[in-house]
Amino acid sequence: MKSAVKLKIPFPRYPSVACWCFIFSGAASISYQMIWLRQAMTHFGVITPVISSVLSVFMLGLAIGTVVFAKFTQRINNQQTLGFYILAEGLIALFALLVPVFFEEGYKALLGVQYSDSTNYLFFSWLIITLALLPVCTLIGATLPLIMKFIRGATQDKNNFGLLYFANLAGGILGCLLPLFSIELYGFNKTLWFTAGSNVVAAVLALSMYLHYAKFGAIQFISPDSALVLPQLTLQHKLTLFLTGLVALGSEVIWIKLFMPATGNSVYAFAAILTVYLLCNFLGAFIYLSRSSHKHWIRWMTVLLPLATLVPFLAVAVQPKEILTALGIAPLCFLLGYITPYIIDTACKNHPLQTGYAYFYNLLGCIVGPLITTYILFPAFGLKGTLIIYAAIIACVPFLLGGVGGWRKPVAAVMWCVALCASFMVKGPEERISQNGELYRDYTGYIGAVGKGMKKRLIVNGISMTRLTTITKNMAHLPMQYFPEAKSALVICFGMGTTVRSLVTWPLERIAVVE
């Protein structure tokens with residue numbers, strides 16, 4: 001049996017430099033997501049299917065890149081790994097700058113499709129988004145196994161994934177904040193160039209390590225035979241990672257709709273939720289890295305997951321119009337920030353191939369979550385029902401990891417029952433609408449008509465959009481008085497239909513409505 005040998009090289013700490021690479025790379029990735037989301041909505045419509053498409057394709061690319069390049073790292077050495085990482089960062093910057101061009105050309109191709117709610121339009125818009133984003137997102141996913149392979153050869157730390165996860169979240173928080181200010185000041189194109197610069201910085205940092213490697217020679221590990229045994233991911237670990245990803249991203253779709261009355265219906269609502277999500281994940285990962293023992297912590301954290309899943313709905317039910325209700329997502333995000341790196345580090349033992357597979361299962365859940373939430377769960381069960389279903393799903397996690405045992409069983413049962421009863425008792429935005437009027441719901445959102453007489457209001461996703469007023473009648477009658485010979489009219493924003501009904505009283509041949 002061979003003994004472990006490590007050749008020491010006088011260079012700044014490789015893991016620290018690699019973490020800085022991931023900070024810049026993570027900032028760029030989230031910033032891209034924010035920019036692409038806004039550009040996709042600009043070209044293809046501010047509708048839920050477009051949002052779900054961007055999120056799902058982003059996660060799909062990460063999953064493909066993680067698995068494919070995790071296998072690829074088994075065929076190359078550490079120095080080659082750094083070379084491919086530098087190449088990946090450079091290509092990410094290049095392809096990211098081409099995404100707006102692809103969106104613009106795709107939009108021009110879709111001009112021949114007549115209706116924005118048609119099956120053809122939704123399919124082809126999804127196809128354009130997929131073709132534009134999948135290559136660059138695959139490269140973003142490739143960065144994790146590539147840098148994992150390098151760190152594994154440069155350090156024997158047991159928490160390498162947790163360290164990179166922590167660095168990536170730190171960069172993600174910065175990536176959320178950059179577009180909020182930069183887009184308004186400099187526009188999409190310059191912000192995209194700034195973001196691509198982050199990838200260039202990551203590539204330059206990696207290049208410094210590569211040059212040092214080439215100068216002093218590669219670090220070599222001659223591991224004992226036992227270390228060559230590939231760590232096995234158990235079915236429990238796979239299911240846990242899949243379910244946590246599914247619930248996290250599936251719930252995010254619900255959070256956007258749930259907090260819209262407080263945060264507004266702009267893309268900044270998504271940015272605010274994503275910032276809180278990443279910040280709390282960051283804090284959870286920080287606590288995980290700062291502790292040497294996790295046995296008792298992980299048991300209690302998994303037990304609290306179902307309760308934390310229902311907290312956002314309870315927060316909105318208590319203070320429906322306060323932006324601080326967005327902090328209701330903090331408990332679940334904090335718990336997932338601790339649990340995810342713990343599972344992957346524990347199960348994979350720093351092996352890049354198994355880490356890639358483990359992260360793939362988590363990303364697979366992140367892909368499925370937004371899709372089943374948008375097209376199945378939300379239309380059928382609404383905001384409250386969907387979160388209750390997700391709470392029931394994630395309640396399986398403590399059993400999969402063995403966190404519910406002994407006296408924890410009755411304590412967990414009592415906590416879950418209290419949270420479930422509270423969710424059924426309190427009234428959310430949909431219940432308040434249905435009690436006072438009519439409620440309709442589909443994959444795009446929910447709409448309600450409340451009030452009587454001249455106090456009727458139209459509510460879309462919890463936001464009062466319009467009310468009955470004579471002003472909207474004058475919008476039709478006033479221009480018709482000036483142009484009585486007009487043969488057609490265009491109404492932008494249907495609202496409650498008052499303007500359209502007023503136009504019907506005039507001898508027009510055609511009335512077009514754009515929503």
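Residue indices begin from 1 for each chain and proceed along its sequence in written order. Thresholds applied to this predicted model are a pLDDT of at least 70 for local features of residues and 80 or more for the giving and counting of side-chain atom pairs; totals over whole chains, interfaces and linings are not thresholded and use all residues. Based on all heavy atoms of the structure, the side-chain values leave hydrogens and waters out of the count.

(A) Inspection of the overall build of the protein chain at higher detail. Here a helix means four or more residues in a row that DSSP labels H or I, a strand means two or more in a row labelled E, and each is numbered from the N terminus. Check the secondary structure of the protein chain and you find 16 helices and six strands. Whether a residue is buried, partly exposed or exposed follows from its accessible area with a 1.4 Å probe, protein chains only, as a fraction of its type maximum: under 20%, in between, or over 50%, in that order. Here the protein chain holds 515 residues, and the buried ones make up 51% of them. Contacts: residue pairs with any heavy atoms within 4.5 Å of one another. Long-range contacts, defined as pairs at least 24 residues apart, comprise 79% of the intrachain contacts of the protein chain with a sequence gap of at least 6.

(B) Region of the structure containing the environment of Ile 129. Within the secondary structure layout, Ile 129 lies in helix α4 (residues 119-154). Among the residues examined, Ile 129 registers a relative accessible area of 1% and is labelled buried. When the C-alpha positions of Ile 129 and Val 99 are compared, they lie 8.9 Å apart, and in sequence the two are 30 residues distant. If we ignore the near neighbours within four places in the chain, the residues touching Ile 129 are Ala 40, Phe 44, Val 50, Ser 53, Val 54, Val 57 and Phe 103.

(C) Region of the structure containing the packing of helix α6 (residues 235-258) against helix α11 (residues 352-394). Note on definitions: angles span 0 to 180 degrees between N-to-C directions of axes, and those axes are lines fitted to C-alpha atoms, for helices only across the stretch in contact. One can describe the packing of α6 onto α11 by two numbers: an axis separation of 4 Å at closest approach and a directional angle of 45 degrees. Relative to α11, α6 is oriented oblique. Handedness of the crossing formed by α6 with α11: right-handed. Each residue belonging to the contact of α6 with α11 can be placed in one class, and the counts come to 23 nonpolar, 10 polar and two charged. We call two directions roughly parallel when the angle between them is under 35 degrees, roughly antiparallel when it is over 145, roughly perpendicular when it lies between 65 and 115, and oblique otherwise. Two helices that cross are described as forming a left-handed crossing if the nearer one is turned anticlockwise from the farther one by less than a right angle, and a right-handed crossing if clockwise. Any residue that is not Ala, Val, Leu, Ile, Met, Phe, Trp, Tyr, Cys, Pro, Asp, Glu, Lys or Arg is counted as polar, Gly included; the first ten are nonpolar and the last four charged.

(D) Focus on helix α2 (residues 48-72). With 25 residues, α2 extends 36 Å from end C-alpha to end C-alpha; this agrees with the ideal 36 Å at 1.5 Å per step. Across the 25 residues of α2, 19 count as buried, placing the element largely inside the fold. In this analysis, the expected span of each helix is defined as 1.5 Å times one less than the number of residues it contains.

(E) Just the packing of α6 against helix α10 (residues 330-348), in detail. The interhelical angle for the contact between α6 and α10, taken along N-to-C directions, is 155 degrees, at an axis separation of 11 Å. With respect to α10, the axis of α6 lies roughly antiparallel. As α6 packs across α10, the resulting crossing turns out to be left-handed. Along its contact with α6, which presents His 237, Thr 240, Leu 241, Thr 244, Ala 248 and Trp 255, the element α10 presents Leu 332, Cys 333, Leu 336, Thr 340, Ile 343, Ile 344 and Ala 347. Grouping the constituent residues of the contact of α6 with α10 by class yields nine nonpolar, four polar and no charged.

(F) Spotlight on the packing of aromatic side chains. The criterion for an aromatic pair is that two Phe, Tyr or Trp rings (for Trp, the six-membered ring) have centres within 6.5 Å, with stacked assigned to planes under 30 degrees apart, edge-to-face to planes over 60 apart and tilted to the rest. Counted according to the given criterion, the structure contains 13 aromatic pairs. Their ring planes at 75 degrees and their centres at 5.2 Å tell us that Phe 123 and Phe 124 sit as a pair that is edge-to-face. Aromatic pair Phe 360 and Tyr 361: ring centres 5.7 Å apart, planes at 70 degrees, arrangement edge-to-face. Taking the relative accessible area as the measure of exposure, Phe 360 reaches 26% and is therefore partly exposed. An aromatic cluster of three or more residues is present, and its members are Phe 69, Phe 72 and Phe 84. Note that Lys 257 overlies the ring of Phe 378, its terminal NZ or CZ placed 4.9 Å from the centroid. Only lysine NZ and arginine CZ atoms are considered, and such an atom sits over a ring when it is within 6 Å of the ring centre and within 35 degrees of the ring normal.

(G) Focus on the sheet that holds strand β4 (residues 463-467). For two strands to pair, DSSP has to find at least two bridges joining them. Spatially, the four strands line up as an open sheet ordered β1-β2-β3-β4, and their pairing is antiparallel. Strands with a single pairing partner mark the edges of an open sheet, and in this sheet they are β1 (437-442) and β4. Across the sheet, the mean angle separating the axes of adjacent strands is 20 degrees when strand polarity is ignored. In this sheet, strand β3 (residues 457-460) lies alongside strand β2 (residues 445-450) in antiparallel orientation, the contact comprising four bridges. In the strand pairing of β3, Ile 447 is matched with Val 460. Across the sheet, α11 lies against β1 and β2, angled at about 125 degrees from β1, the strand it touches most.

(H) Quick look at a nonpolar patch on the surface. Distance thresholds for patches are 9 Å for like charges and 5 Å for nonpolar side chains (Val, Leu, Ile, Met, Phe, Trp, Tyr), applied to residues having over 30% relative accessible area and no salt bridge. In these tables, accessible area is a Shrake-Rupley quantity obtained with a 1.4 Å probe, and a residue counts as shielded only by the protein chains included in the view. By definition, a salt bridge exists where a carboxyl oxygen of Asp or Glu is found within 4 Å of a side-chain nitrogen of Lys or Arg. Together, Leu 177, Phe 181, Leu 185, Tyr 186 and Phe 194 give the surface a local cluster of nonpolar side chains, amounting to about 550 Å² of exposed area. Note on placement: Phe 194 falls in helix α5 (residues 160-216).

(I) Representation of the pattern of salt bridges within the structure. Under the criterion given, the structure shown has three salt bridges. For Glu 431, the salt bridge identified is with Lys 384, shortest N-O distance 3.1 Å. Within this pair, whereas Glu 431 is found in helix α14 (residues 429-436), its partner Lys 384 is found in helix α11, the two being separated by 47 residues in sequence. Put simply, Glu 430 and Arg 441 hold a salt bridge, and the shortest N to O gap is 2.9 Å.

(J) Highlighting the confidence of the model for the protein chain. Every residue gets a pLDDT, meaning the predictor's confidence in that residue, from 0 to 100. This prediction gives the protein chain a mean pLDDT of 81; 85% of its residues lie at or above 70. For the protein chain, per-element mean pLDDT is lowest for helix α7 (residues 260-263), which scores 74, and highest for strand β5 (residues 488-492), which scores 91. Residue range residues 1-12 is modelled with pLDDT below 50. Its contacts to residues more than four positions away, or to other chains, number 29 contacts. Across residues 218-228 the pLDDT falls below 50, and counting only partners more than four positions away or on other chains, this stretch makes 32 contacts in the model.

(K) Geometry of the environment of Met 301. Along the chain, the position of Met 301 falls in helix α9 (residues 295-318). For Met 301, a relative accessible area of 6% corresponds to the buried category. The spacing of Met 301 and Leu 335 is 34 residues in sequence and 6.1 Å in space, taken between C-alpha atoms. Leave out the neighbours within four places in its chain, and Met 301 touches Phe 334, Leu 335, Tyr 338 and Ile 339.

(L) Highlighting α10. With 19 residues, α10 should cover 27 Å at 1.5 Å per step; its first-to-last C-alpha distance of 27 Å lies within 8% of that length. Of all 19 residues that make up α10, 16 are buried, and the element is covered over most of its length. Directly after α10, the chain includes Lys 349, whose backbone phi takes a positive value near 50 degrees.

(M) Quick peek at the pairing of β2. The sheet contact formed by β1 and β2 spans six bridges and is antiparallel. Counted as the bridge partner of Tyr 440 is Ile 447 from β2. Counted between consecutive antiparallel strands, the loop separating β1 from β2 contains two residues. Hairpin connection between β2 and β3: a loop of six residues separates the two successive antiparallel strands, and Gly 451 in this loop has a positive phi of roughly 90 degrees.

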